[in-house]
Amino acid sequence: MAGEALQDCSLTGSPVAMQGMGIIVGMTPPPPPADNANDPNYAQKIRAIADQLTAWEGPIVVISHVDPDGDALGSTLTLARALRRLGKDVTLPMEPPAFLRFLVEEGELSGPLDALPDGALLAVLDVAELARSEGAPHEGAAFVLNVDHHGTNERFGDLALVNPGSAATAQMIKDVVDALPVTWDEALATPCLTGMLTDTGTFRYANTDRDVLRAAGDLMGHGVSYVELTDRLQWRPESYYRMLGAVMDTLELPFGGRATLATVTLAMKARFQGANDDSDDYVGVIRYVEGSQVAIMLKEHEDAVKISVRARAPISAQAICIELGGGGHVAAAGAKLVGVTLEDAKNQVLAAVEKELDRHPS
Ligand SMILES: [Mn+2]
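A. Local environment of the packing of aromatic side chains. Scanning the entire structure with this criterion turns up three aromatic pairs. With 4.8 Å between their ring centres and 80° between their planes, Tyr 240 and Tyr 241 make a pair best called edge-to-face. On the basis of relative accessible area, Tyr 240 is assigned to the buried category, the value being 6%. We classify Tyr 241 as partly exposed; its relative accessible area is 47%.

B. Examining the coordination of the manganese ion more closely. At the metal site, the manganese ion is ligated by Asp 71 (OD), Asp 126 (OD), His 149 (NE2) and Asp 199 (OD), and these contacts range over 2.1 to 2.4 Å. Mapped onto the sequence, the residues coordinating the manganese ion show the spacing D-x54-D-x22-H-x49-D. Taken as a pair, Asp 71 in helix 3 (residues 70-85) and His 149 in the loop between strand 5 (143-148) and strand 6 (159-162) lie far apart in primary sequence, 78 residues in all. By relative accessible area, Asp 71 is classed as buried at 0%.

C. Quick peek at the pattern of salt bridges. All told, the structure shown has 13 salt bridges when counted by the stated rule. For Asp 178, the salt bridge is made with Lys 174, and the minimal N-O distance between the two is 3.0 Å. With Asp 178 and Lys 174 both in helix 4 (residues 169-178), this residue pair falls four residues apart, about one helical turn. Looking at Lys 174, the relative accessible area reads 5%, which means it is buried. Asp 218 serves as the salt-bridge partner of Lys 174, at 2.7 Å between the closest nitrogen and oxygen. Taken together, the residues Lys 174 in helix 4 and Asp 218 in helix 6 (residues 210-220) connect sequence positions 44 residues apart. Asp 218 gets classed as partly exposed once you look at its relative accessible area, which sits at 41%. Each member of the salt-bridge network shares a partner with another, and the members are Lys 174, Asp 178 and Asp 218.

D. How the structure looks around the sheet that holds strand 8 (residues 294-300). In space, the five strands of this open sheet follow the order 7-8-9-11-10, with mixed pairing throughout. A single partner strand is all that each edge strand has here, and the edge strands are strand 7 (259-264) and strand 10 (327-328). Direction of pairing for strand 9 (residues 304-311) relative to strand 11 (residues 332-338): antiparallel, over a ladder of seven bridges. Looking at strand 11, one finds that Val 309 is bridged to Ala 333. Sheet strands in contact with helix 12 (residues 342-359) are strand 7, strand 8, strand 9 and strand 11, and its direction is about 165° off that of strand 8.

E. Seen up close, the nonpolar core. By size, the foremost hydrophobic cluster in this structure holds 54 residues, and its most contacted members are Leu 53, Leu 145 and Met 196. Of the residues forming this core, the biggest block, seven residues, is contributed by helix 3. Discounting chain neighbours no more than four positions away, the residues touching Met 196 are Ala 168, Ala 170, Gln 171, Lys 174, Phe 203, Val 212, Ala 215, Ala 216 and Leu 219.

F. Structural context of empty space enclosed by the protein. The final tally for this structure, using the stated rule, is two cavities of 30 Å³ or more. When its volume is computed, the second largest cavity comes out at roughly 30 Å³. Lining the second largest cavity are Arg 287, Ser 292, Gln 293, Val 294, Ala 295, Arg 310, Ala 311 and Arg 312. Only strand 8 and strand 9 provide two or more residues apiece to the lining of the second largest cavity. For the lining of the second largest cavity, the residue count by class is three nonpolar, two polar and three charged.

Each value, and the rule that gives it
- The written sequence of each chain sets the order in which its residues are numbered from 1.
- Reporting of local features is limited, given that this is a predicted model, to residues whose pLDDT is at least 70; pairs of side-chain atoms are given and counted only at 80 or more, and all residues count toward the totals for whole chains, interfaces and linings.
- Side-chain metrics rest on all non-hydrogen atoms present in the structure, leaving aside hydrogens and water.
- Centre distance within 6.5 Å is the pairing criterion for rings of Phe, Tyr and Trp, where only the six-membered ring of Trp is used; planes under 30 degrees apart are then read as stacked, over 60 as edge-to-face, and the remainder as tilted.
- Burial here depends on accessible area, computed with a 1.4 Å probe over protein chains only, as a share of the maximum for the residue type. Under 20% is buried, over 50% is exposed, and the range in between is partly exposed.
- Coordination here is defined by N, O and S atoms within 2.8 Å of the metal (3.2 Å for Na, K and Ca), and since water is not considered, a site can look incomplete.
- In this description a helix means any DSSP run of H or I spanning at least four residues, a strand means any run of E spanning at least two, and both kinds are numbered starting from the N terminus.
- Take a side-chain nitrogen of Lys or Arg and a carboxyl oxygen of Asp or Glu: if they are within 4 Å of each other, that pair is a salt bridge.
- Here, any two strands with at least 2 DSSP bridges between them count as paired.
- Contacts are assigned to residue pairs that have any heavy atoms within 4.5 Å of one another.
- Here the axes come from fitting lines to C-alpha atoms, over the contacting stretch only for helices, and the angles between their N-to-C directions go from 0 to 180 degrees.
- The nonpolar core is taken to be a set of buried Ala, Val, Leu, Ile, Met, Phe, Trp, Tyr and Cys residues, with the residues joined through side-chain atoms within 4.5 Å.
- The definitions used throughout rest on a 1 Å grid laid over the protein atoms alone, on which a cavity is an enclosed set of points accommodating a 1.4 Å probe that cannot get out and a pocket is an open set flanked by protein within 12 Å on both sides along at least five of seven lines; lining residues are those having an atom within 4 Å of a point.
- Grid points are joined across faces, edges and corners, and a volume is the space filled by probe spheres set on the points.
- Only Asp, Glu, Lys and Arg are considered charged, only Ala, Val, Leu, Ile, Met, Phe, Trp, Tyr, Cys and Pro nonpolar, and every remaining residue, Gly among them, polar.

In structure tokens:
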């Protein structure tokens, strides 16, 4: 789950992917893919990835998903730094959200690429669908590497390691870097731990397990200041808190309080300049209303409404968002409804939520 993001989990889906799955627009989507199994060849693939990267002599381009979150930036920055230490020619095209920019040093990131350099290895991290990648086209890559923890991952690429049991892609990148001939230090460990922190909600979400805590413990042993990092990751501008007040005024508790729902409107974004960039984790506030099994944030955009969903077992945020053409994890997922009004979006979302709640009567 994306740190909450989940990603936010910016775990939005795309109609393109839906079409790729053979779904006819207008028909009821099928149930979520059952492929949430971990990769049975995990250890061998980590070794193969490390060997492939170590041997690669051409350029390497590292990308992640649209609306990058802490795992997207943390995974890519950790891998890029490790590979640069091995003398590799690495490009990392990304525009991180404001609250993560403190992690980045001058010159580490680039703007989006129009084309891949000749002979490039493209490493795609934390991206379930190629259509949701950002920063560089995938056409023309000499080799595509896919490392991700979304169960809905399309298993694209020449070498794909997909492990839904990993709490964060950063946890998988930690294993890759362990297998590379580089020495861990604070500069490598800090972004890597960030990915684990944001995708687990600072080790509070349902994906938090012994393995991710052990991996995080290893990174703390490499010089990360845990208290400083977790503190810094919570910093937000004043406008964030001003807008939070307005968003909380929209709070509703449908389905007898089994769900919580709130909205960020275009008017709020206009009123609270600068808050939009960091508003994704408001859903992390309303998920803690007593009795709520599923929390939903609607974010109005010019041409679409973005949906962020957080759920506690047995309710599946993934099932709700796949119903809406999106995707993500069981506990945290997202979708994007294009060309609809806020009211239409809300009705569609509530219908999908009701269907999932009906599967698990309280
Ligand atoms: Mn992730």
